[in-house]
Amino acid sequence: MKLTQRINRPQIAYKIALTLTLLIPFLITPAAWAHHPFGGQTPETFIQAFLSGVGHPVIGLDHLTFVIASGLVALTVSRGVIVPLSFLGAALFGTGFHLLAINLPLAEMVIMSSVILFGLILVLYKPEHSLVPVFENPMVVASLAAMAGIFHGYAYGEAIIGAEMGPLFAYLIGFTLVQGVIAMSAYGLGKQLYLSFPALMRYCGLAICAIGVVLLSPMM
């Protein structure tokens, strides 16, 4: 169900605290971190693979930003939970593509572009009417999330190439679990904060777009 615009404005300090709470992941994740928790080495044990799966979406700023964005975008459409779920499911297929040596061209560029797109969805969101009506359709947004998930999952696959079956499943479980927790936490936190701070969506969307542009610019 769409959010309705009922606002009790909190004190200024409360607004700042809430905004910083949502932005903490962006502030503590250095852009220079590598995407692989074990330095690109293939995990050899179940625990190593699980920790690698948990770490990959968190230390990769592009992945982390999109996962948070998917949880927030879920608030903008009816039955919004299908947005992060579509992303999670498609990411598994994307990893499979990489393991099967199916090449997806321009993967990194598509990943950065997906961050910018979901940031724009948040910037354009209006409770009473959408500036872009197609983004009101949950199936359209879920499809966009799924397409993004394939490319994000493809990137995850790089860290597990050559692993045995046990570590492979541990890796898949790890990155699916952590992304689900992050996306649903963003969804739940965003829902609570939006009621008292309706500009939250736009501010978060602008921050997400900015991160996407910064990450994309070296590829242009």
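These remarks concern the structure in this document. (Residues numbered from 1 in each chain as written. Predicted model: local features only at pLDDT ≥ 70, side-chain atom pairs only at ≥ 80, totals over all residues. Heavy atoms only, no water.)

**Details of the overall build of the protein chain**
Piece 1. Each helix and strand in the protein chain was counted, giving eight helices and zero strands.
Piece 2. Along its sequence from the N terminus, the protein chain presents helices and strands in the succession α-α-α-α-α-α-α-α.
Piece 3. Burial statistics for the protein chain: of 220 residues in total, 48% are counted as buried.
Piece 4. Across the protein chain, contacts joining residues at least 24 apart in sequence account for 83% of those joining residues at least 6 apart.
Piece 5. Of the roughly 10500 Å² of accessible surface on the protein chain, a fraction of 71% belongs to carbon and sulfur atoms. (Helix = DSSP H or I, 4+ residues; strand = E, 2+ residues; numbered from the N terminus. Buried < 20%, exposed > 50% of the residue type's maximum accessible area, 1.4 Å probe, protein only. Contact = heavy atoms within 4.5 Å. Areas by Shrake-Rupley, 256 points an atom, 1.4 Å probe, with all protein chains shown as cover.)

**A closer look at unusual backbone geometry**
Piece 1. One non-glycine residue, R79, adopts positive backbone phi at about 50°.
Piece 2. Structurally, R79 can be placed in the loop between α3 (61-73) and α4 (82-99).
Piece 3. Judged by its relative accessible area of 55%, R79 falls in the exposed class.
Piece 4. Within the chain, A101 stands out as a residue other than glycine whose phi angle is a positive 60°.
Piece 5. Within the fold, A101 resides in the loop between α4 and α5 (107-124).
Piece 6. For A101, a relative accessible area of 68% puts it in the exposed group.

**A look at the nonpolar core**
Piece 1. The biggest cluster of nonpolar side chains holds 34 residues, and the ones touching the most others in it are L72, V73, V83 and F118.
Piece 2. For this core, the elements supplying multiple residues, two or more each, are α3, α4, α5, α6 (138-157), α7 (165-196) and α8 (200-216).
Piece 3. Discounting chain neighbours no more than four positions away, the residues touching V73 are V83, F118, I121, L122 and V141.
Piece 4. If you look at the next biggest cluster of nonpolar residues, it comprises 12 residues, including I111, I116, F151 and Y154. (Core = buried A, V, L, I, M, F, W, Y, C linked by side-chain atoms within 4.5 Å.)

**A look at the packing of α5 against α8**
Piece 1. Between α5 and α8, the least distance of the axes is 7 Å, while the angle of their chain directions is 160°. One finds that α5 runs roughly antiparallel with respect to α8. In the crossing of α5 with α8, the sense of the turn from one axis to the other is left-handed. From α5, M109, M112, S113, V115, I116, G119, L120, L122 and V123 reach across to α8, where they touch M201, R202, G205, L206, I208, C209, G212, V213, L215 and L216.
Piece 2. Each residue belonging to the contact of α5 with α8 can be placed in one class, and the counts come to 14 nonpolar, four polar and one charged. (Axes fitted to C-alpha atoms, helices over the stretch in contact; angles between N-to-C directions. Parallel < 35°, antiparallel > 145°, perpendicular 65-115°, else oblique. Left-handed = near helix turned anticlockwise from the far one by under 90°. Nonpolar A, V, L, I, M, F, W, Y, C, P; charged D, E, K, R; others polar.)

**A word on the environment of I182**
Piece 1. Inspection of the secondary structure assignment puts I182 in helix α7.
Piece 2. Expressed as a C-alpha distance, the spacing of I182 and P57, which sit 125 residues apart in the sequence, is 9.7 Å.
Piece 3. Apart from residues no more than four positions distant in its own chain, I182 is found in contact with V58, L64, V67 and I68.

**So, the side chain of T76**
Piece 1. Structurally, T76 can be placed in the loop between α3 and α4.
Piece 2. Relative accessible area serves as the criterion here: at 3%, T76 is assigned to the buried category.
Piece 3. A polar contact of 2.7 Å, which involves the side chain of T76, links it to the backbone oxygen of V73. (Polar contact = N/O pair within 3.5 Å; in protein donor to acceptor, adjacent residues only side chain to side chain.)

**Focus on the environment of G205**
Piece 1. By the secondary structure assignment, G205 is in helix α8.
Piece 2. In this structure the C-alpha to C-alpha distance between G205 and A69, which are 136 residues apart in sequence, comes to 7.9 Å.

**Topic: the environment of P105**
Piece 1. Topologically, P105 is positioned in the loop between α4 and α5.
Piece 2. Between the C-alpha atoms of P105 and F151, which are 46 residues apart in sequence, the distance is 9.4 Å.

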